[in-house]
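Fold and geometry: a report
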Amino acid sequence: MRPQKKVSRRALLKGTALGVAGVALAACAAPAAPTTAPAAEATPTAMPLPTPPPAAEGKTAINVYSGSDTNITDWHANVVIPAFETKFPQYDVNIISTRGVAGGIKSIVDRSLAAMEVNADPQAELIEEDPAYFPDSVKAGLWQKMDEATVPNAKNVIEAARVSEFGMPYRGSQVLLAYDSSKLPDAEVPKTFADLIEWVKKNPGQFTYSRPDKGGSGGNFVVRAIYEVTGRDPSKFKPGPADPALIAEFDKAWELLRSIHEFTYGNGSYPSGNNPALQLLANGSVTMIPAWSDQALQALSRGVLPDTVKLAQFADLPMPGGYAMMGMPKNTRNPQGAYDYMNFLLSPEIQESVVRDIGGFPAISWSLLPAELQSQYTSVITDNVPNWPGGEYNAARNKGWYEKVATNLQP
Amino acid sequence: MTSIGEALGAVNARATMQAALPRPRIGLGSVNINALIAYALVSPPLFVMLLLIFFPAGQAIIRTLFIENETGAIGFSVNNYVNFFSDRIALSNLWFTVWVTVATVVGLFLVCFPIALYLRFAHGVLAAIVQVLALFPLFVPGIILAFALIRFLGPRGMVETALNLVGIQGYTSPYLKPSGIIIGLIWDYIPFTVLVLTAGLRQVEDALIESARDVGAGGWTVFRSIVLPLMDRPVLIVFCLNFISVFGAFTIPYLLGPAAPQMMGVYMQATYGDYLDQARAETQAVITFLCCALIGLLYVRAVTRQRAELS
């Protein structure tokens, strides 16, 4: 009975069964085609690589990509862009989030690079990341330098923030210790990293940090452990290729972190992001976490964190932080739009909003902002923000941490 | 990964159910035209699958086997696989994935078989409500489910609060534990499992059961001697498809699971995206693929045997 149908159906079924598994394979298989498979695959919701909507009639589009948490993309969408578009009605700005896209912002850099090779539209005017994180793209000449000539407000950017050749900084934040002062008196808050390690061992289950690759608060806490074992000198770590001698010293940091593994929340159940860590602090499951200054301040002002939560920093060497930067691909179709938006981000008006609305610190001098701001935000104002170069050091940090700290295998 | 597995799973579920429907007979004269139409209809999705899945997958397999040696020449080598199987972390992640998958699939049967039996034999408003509830997870995206479970089962969540209210202390949340993944995945796959099992049970004819009852068989005997033997194929199909989807799950293990060990989906993503190690990620993908392909073969055998018996 109908043999031909049987054959075709069998082939199809075989294909489908193998296909289910094959998808997993395809995910990692096609990095050369950045517009297709990899992004679509490993994302939680299987989203394709984000593309901007077309610009409104008679306007030119400025496409800004960001992999930052919702507080930042919301701020762009609800505060910066409306003010900018009122001043510059000729533009239509899109802020596009790369959260949840596998490879994150790197997938957009890859796409821009691929577009440059075939002289196509990268569909990106500004990309929120330090281009130095993507050495291949810097080598290939993807990035356009922005300076006073094209972005006049760049002259106000403070020296401490000028750490990247191609990235233009516009807001800063730093990882601090956030603790519940109703459970931990201010006087007993650890002052040094060594104090913290002691405190965690004495208070099992009361401390946790996010997995280093899933949230910068945990990532920079791990970096602080690396600083601790490499002579507390952040200047040893320079952007570009990683120094194998330094990487070899990471093992001491793993030993240090491993010593508190079983004393962290849930015997080493590290939450998978900045916000999951904040939630554990907010609902009282833990007493202390490392947290981003801006996220903690914003959560406090919105009442997401109870007002008994306070912030502190190590006295010996602070945890790293850094300045969020914008990079501009050379092949962008709307360079003037990119310059204008960047310049607007650095205007005193928006820099004040960085402090007031997202709890960040400004990239321009505090003296250009209203004086009362300074006194209000003393706990986040700092002159020491160690800058971690990321790149290959991040890969070594994440891999080492997963294999030597988070694992339950005995060495 | 969940969603693609789900999509293909749904297609298969539909195919399984359609197989049960009576089809109109086709006259001998129209066989060839029908065959051509069938091939024409099948070819576009087949072509897309070849291009988007099989071609890059084949490339990946080749890339993991042909690697540069010290002299810079590219030659055949199984080094990538030797590295995988001598890496304790990689092995522990693979075993963890197998373990979680088996536990999830077993759990699914324990939860879904009673529901399916109930839906097959019960009628009325209550049965309709149970059916809606059982199918409800179908309409909840995995990521929402994960956050809902964190709120519900997590520390200071609803379960813990409720237990505290009635005086029970010492609840340990499954959040960030292997059991968190298993609970999440079971909830996620209930609708599909119930759908296929119910479809399978509907093939057990009422007449068969009634005649057994007429000769005095009780509920348990009917289940053991009539229903169960007729259910082997639907059970095998559910087992295979659930196994493959759960093995490659991503969202729920990512959000609810522990930092270590990791399931293969999460591990692959970390190796590729965070450790920037494409060769190892590809090797992990090929091994994951082979595990799923083994189970896939079981599925194909089950289905083709059924076709052979029908014809």
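Before reading further, recall that the structure is shown in the block above.
Quick look at the structure, then. Because the structure is predicted, anything quoted here is derived from the model rather than measured.

All right, on to the overall build of chain A then. Each helix and strand counted, chain A has 14 helices and nine strands in total. The proportion of buried residues among the 411 residues of chain A is 57%. Within chain A, contacts between residues at least 6 apart in sequence are counted, and of these 76% link residues at least 24 apart.

On to the overall build of chain B. Helices and strands together make up the secondary structure of chain B, namely 14 helices and two strands. Here chain B, with 311 residues, has 47% of them falling under the buried criterion. When contacts within chain B are restricted to residue pairs at least 6 apart in sequence, those whose partners lie at least 24 apart make up 71%.

The two faces of a sheet get side chains in turn, since along a regular strand they alternate between them. Residues and elements named next belong to chain A. Where burial is concerned, most of strand β1 (residues 60-66) is hidden: five out of the seven residues are buried. Inspection of the sheet shows β1 paired to strand β2 (residues 91-97) by seven bridges, in the parallel sense. By the bridge assignment for β2, T60 is matched with Y91. In this fold, β1 hands off to helix α3 (residues 70-87), which returns the chain to β2; that crossover is right-handed. Note: β1 against strand β3 (residues 126-128), three bridges, orientation parallel. Counterpart to V64 in the pairing with β3 is L126.

A few words now on helix α11 (residues 232-247) of chain B. Between its terminal C-alpha atoms α11(B) stretches 22 Å, which fits the 22 Å expected from 16 residues at 1.5 Å a residue. Every buried residue of α11(B) is listed here: R233(B), P234(B), I237(B), V238(B), C240(B), L241(B), N242(B), F243(B), I244(B), S245(B), V246(B) and F247(B).

Residue and element names in this part refer to chain B. In total, this model carries zero disulfides over all chains according to the counting rule given. Left without a disulfide partner, C240 is nearest to the cysteine sulfur of C292, which lies 11 Å away. Classification of C240 as buried rests on a relative accessible area of 0%. With no disulfide of its own, C292 has C291 as its nearest cysteine by sulfur position, at a separation of 6.6 Å. Classification of C292 as buried rests on a relative accessible area of 3%.

Scanning the model with the defined rule gives 33 aromatic pairs over all chains in all. In this structure an aromatic cluster arises from ring pairing among F193(A), F207(A), Y209(A), F221(A), Y270(A), F314(A), W401(A), Y402(A) and Y275(B).

It is worth spelling out the environment of V385(A) at this point. Residue and element names in this part refer to chain A. Relative to the helices and strands, V385 is located in the loop between α13 (371-376) and α14 (392-406). Expressed as a C-alpha distance, the spacing of V385 and A55, which sit 330 residues apart in the sequence, is 39 Å. Residues within four places of V385 in sequence aside, it is in contact with Q174, G321, G322 and F361.

Bringing the environment of P318(A) into the picture now. All names here are of chain A. Here P318 shows up in the loop between β7 (309-312) and β8 (321-329). Through-space distance from the C-alpha of P318 to that of P185 is 21 Å; in sequence the pair is 133 residues apart. Discounting chain neighbours no more than four positions away, the residues touching P318 are Q174, R224, Q313, N384 and P386.

All names here are of chain B. A cluster of nonpolar residues, I62, F66, I74, F76, V78 and V82, forms a patch on the protein surface that exposes about 600 Å² of accessible area. Here I74 shows up in strand β2 (residues 74-76). Taking the relative accessible area as the measure of exposure, I74 reaches 62% and is therefore exposed.

Turning to the pairing of strand β5 (residues 168-180) of chain A, a few remarks are in order. Residues and elements named next belong to chain A. Within β5, 13 of the 13 residues are buried, which leaves it mostly tucked inside the rest of the structure. When β5 meets β8, the two strands line up antiparallel, connected through six bridges. Bridge assignment links Q174 to a residue of β8, and that residue is G321. In terms of strand pairing, β5 meets strand β9 (residues 361-362) through two bridges, oriented antiparallel. Among the inter-strand pairings, R171 is bridged to a residue of β9, identified as P362. Relative to strand β6 (residues 288-292), β5 runs antiparallel, the two being bridged by five bridges. Opposite L177, over in β6, you have P290 as the bridge partner. Bridging between β5 and β7 involves four bridges; their strand directions are antiparallel. Looking across to β7, one finds that L177 is bridged to A312.

Attention now moves to the pattern of salt bridges. Any two side chains of opposite charge can pair, on the condition that their charged atoms come close. Under the criterion given, the structure shown has 20 salt bridges over all chains. The residue R232(A) makes a salt bridge to D316(A) at a minimum N-O spacing of 3.6 Å. Of this pair, R232(A) sits in the loop between α7 (216-229) and α8 (244-261) while D316(A) sits in the loop between β7 and β8; the two residues are 84 residues apart in sequence, bridging distant segments of the chain. A relative accessible area of 40% places R232(A) in the partly exposed class. Among the charged side chains, a network of salt bridges with common partners joins K399(A), E403(A), D87(B), D277(B) and R280(B).

Below, the discussion takes up α7(A). What sets the pattern is the α-helix's 3.6 residues per turn: residues three or four places apart point alike. With 14 residues, α7(A) should reach 20 Å at 1.5 Å per residue; the first-to-last C-alpha distance of 20 Å fits that figure. Of all 14 residues in α7(A), 13 are buried, a share of seventy percent or more.

Glancing now at the nonpolar core. Counting residues in hydrophobic clusters, the biggest one holds 88 residues, and the most contacted among them are I289(A), L185(B), L197(B) and V227(B). By residue number, the principal contributor to this core is helix α4 (residues 88-121) of chain B, which donates 13 residues.

Moving on, we get to the environment of E392(A). All names here are of chain A. With respect to the helices and strands, the residue E392 is situated in helix α14. Classification of E392 by relative accessible area gives partly exposed; the value is 41%. E392 sits 102 residues away from P290 along the chain, and the two C-alpha atoms are 23 Å apart. A distance of 3.0 Å separates a polar atom in the side chain of E392 from the backbone nitrogen of A242.

Cis geometry marks the peptide bond from A260(B) to P261(B), where omega comes out at -10°. Relative to the helices and strands, P261(B) is located in the loop between α12 (251-256) and α13 (264-274). With a phi close to 55°, N119(A) is a non-glycine residue in the positive phi region. Note that N119(A) resides in the loop between α4 (105-117) and β3. Although it is not a glycine, N267(A) sits at a positive phi angle of roughly 50°. Examined against the element boundaries, N267(A) turns out to sit in the loop between α8 and α9 (274-282). Residue N267(A) is classed as exposed on the basis of its relative accessible area, which comes to 57%.

So, how was this worked out
Residues numbered from 1 in each chain as written. Chains lettered and ligands numbered in written order. Predicted model: local features only at pLDDT ≥ 70, side-chain atom pairs only at ≥ 80, totals over all residues. Heavy atoms only, no water. Helix = DSSP H or I, 4+ residues; strand = E, 2+ residues; numbered from the N terminus. Buried < 20%, exposed > 50% of the residue type's maximum accessible area, 1.4 Å probe, protein only. Contact = heavy atoms within 4.5 Å. Pairing = 2+ DSSP bridges. Right-handed = clockwise from strand over helix to strand, strands pointing away. Expected span 1.5 Å × (residues − 1). Disulfide = S-S within 2.5 Å. Phe/Tyr/Trp six-rings, centres within 6.5 Å; stacked < 30°, edge-to-face > 60°. Patch = residues over 30% accessible without salt bridge, like charges linked within 9 Å, V, L, I, M, F, W, Y side chains within 5 Å. Areas by Shrake-Rupley, 256 points an atom, 1.4 Å probe, with all protein chains shown as cover. Salt bridge = Lys/Arg side-chain N within 4 Å of Asp/Glu carboxyl O. Core = buried A, V, L, I, M, F, W, Y, C linked by side-chain atoms within 4.5 Å. Polar contact = N/O pair within 3.5 Å; in protein donor to acceptor, adjacent residues only side chain to side chain.

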